[in-house]
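Residues per chain are reported as follows:
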Amino acid sequence: MFLPNALDQTLKKFKSQVANCLTLMNLCLGGFSIITSFKGHIPLSILLIFIAALLDRLDGMAARKFNIESELGKQLDSMSDIISFGVAPAVLVYQGVLFDLGSPGSFFTVLYICCGAFRLARFNITENNGYFTGLPITAAGCILTFICLGVSFIPAHLYLFLILVLSILMIANFRWKKI
């Protein structure tokens, strides 16, 4: 009688933390991506961001499947997203391309991070009604990361334009249905 009850409680505790564990793995990959960017390992940094995006998708699915959505999980997810899809792609592009552009490269890198943080903060204080307002930072980070695959072919100034466009789209007020 004791063993089945203890097993049931352990399973409930495990289910309640699955999404948070996936979110923390997402955060870790974003952190490692930043470190690998600083070390000049651009392809590895790109891969880590894409794996973080997969984990970001899985953590939301796990939270909904196990009905464990919480305010803590929402805040943790946003903090992970600013690292994995805000700071990590910005550092990746800065290290890979924008460093050579001097102050404009630094400015647009920080602008992207600030707009991503603003977008996440706005998301956290609004009702989740089945719509996104502005481009989600995960999508912006994945687009920015994907474009890094063409670093040899795309002029550096185009990256400045892309970062500006993505920054504006993240803080824009357009709405679109969640998938």
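The preceding data block contains the structure.
Reference entry: report on the structure contained in this document.

What follows is about the side chain of Asp 77. For Asp 77, the location among the structural elements is in helix 3 (residues 71-96). One buried charge, Asp 77, has no salt-bridge partner; the nearest side chain with opposite charge is Arg 64, at 8.5 Å. Leaving out residues up to four positions away in the same chain, Asp 77 has contacts with Thr 23, Asp 56 and Asp 59.

With that settled, consider the nonpolar core. If you look at the biggest cluster of nonpolar residues, it comprises 41 residues, and the most contacted ones within it are Val 93, Leu 98, Tyr 112, Leu 144, Ile 163, Leu 166 and Met 170. Elements that contribute at least two residues to this core include exactly helix 1 (2-38), helix 2 (42-65), helix 3, helix 4 (103-125), helix 5 (137-147) and helix 6 (156-171). What Ile 163 contacts, discounting residues up to four positions off in sequence, is Val 93, Leu 98, Phe 108, Tyr 112 and Leu 144.

Relative to each other, helix 2 and helix 3 sit at 160 degrees, their axes nearing to 10 Å. With respect to each other, helix 2 and helix 3 are oriented roughly antiparallel. In the packing of helix 2 onto helix 3, the handedness of the crossing is left-handed. Each of Ile 42, Ser 45, Ile 46, Ile 49, Ala 52, Ala 53, Asp 56 and Asp 59 in helix 2 lies in contact with helix 3, whose residues at this interface are Asp 77, Asp 81, Ser 84, Phe 85, Ala 88, Pro 89, Leu 92, Gln 95 and Gly 96. Taken together, the residues that form the contact of helix 2 with helix 3 break down as 9 nonpolar, 4 polar and 4 charged.

The rules behind each value
- The residue numbers shown here count from 1 along each chain, following its written sequence.
- The predicted nature of this model means local features are confined to residues of pLDDT at least 70 and side-chain atom pairs, given and counted, to a pLDDT of 80 or more, with totals for whole chains, interfaces and linings taken over all residues.
- Hydrogen atoms and water are omitted, and side-chain values are computed over all heavy atoms in the structure.
- Numbering of helices and strands runs from the N terminus; a helix is a DSSP stretch of H or I covering at least four residues, while a strand is a stretch of E covering at least two.
- For the exposure calls, accessible area comes from a 1.4 Å probe over protein chains only, and a residue counts as buried if that area is under 20% of its type's maximum, exposed if over 50%, partly exposed in between.
- Counting rule applied: Lys, Arg positive; Asp, Glu negative; His and chain ends not counted.
- What counts as a salt bridge is simple: a side-chain nitrogen of Lys or Arg found within 4 Å of a carboxyl oxygen of Asp or Glu.
- Residue contacts are defined here by distance: any two heavy atoms, one from each residue, within 4.5 Å place the two residues in contact.
- As used in this record, nonpolar core signifies buried Ala, Val, Leu, Ile, Met, Phe, Trp, Tyr and Cys residues forming a set joined through side-chain atoms within 4.5 Å.
- Angular values range over 0 to 180 degrees, each being the angle between N-to-C directions of two axes fitted as lines to C-alpha atoms, with helices fitted over their stretch in contact.
- With respect to orientation, any angle under 35 degrees is reported as roughly parallel, any angle over 145 as roughly antiparallel, any angle of 65 to 115 as roughly perpendicular, and every other angle as oblique.
- Working rule for handedness: look at the near helix, and if it is turned counterclockwise from the far one by less than a right angle, call the crossing left-handed; if clockwise, right-handed.
- Three categories are distinguished: nonpolar for Ala, Val, Leu, Ile, Met, Phe, Trp, Tyr, Cys and Pro, charged for Asp, Glu, Lys and Arg, and polar for the others, with Gly belonging to the last.

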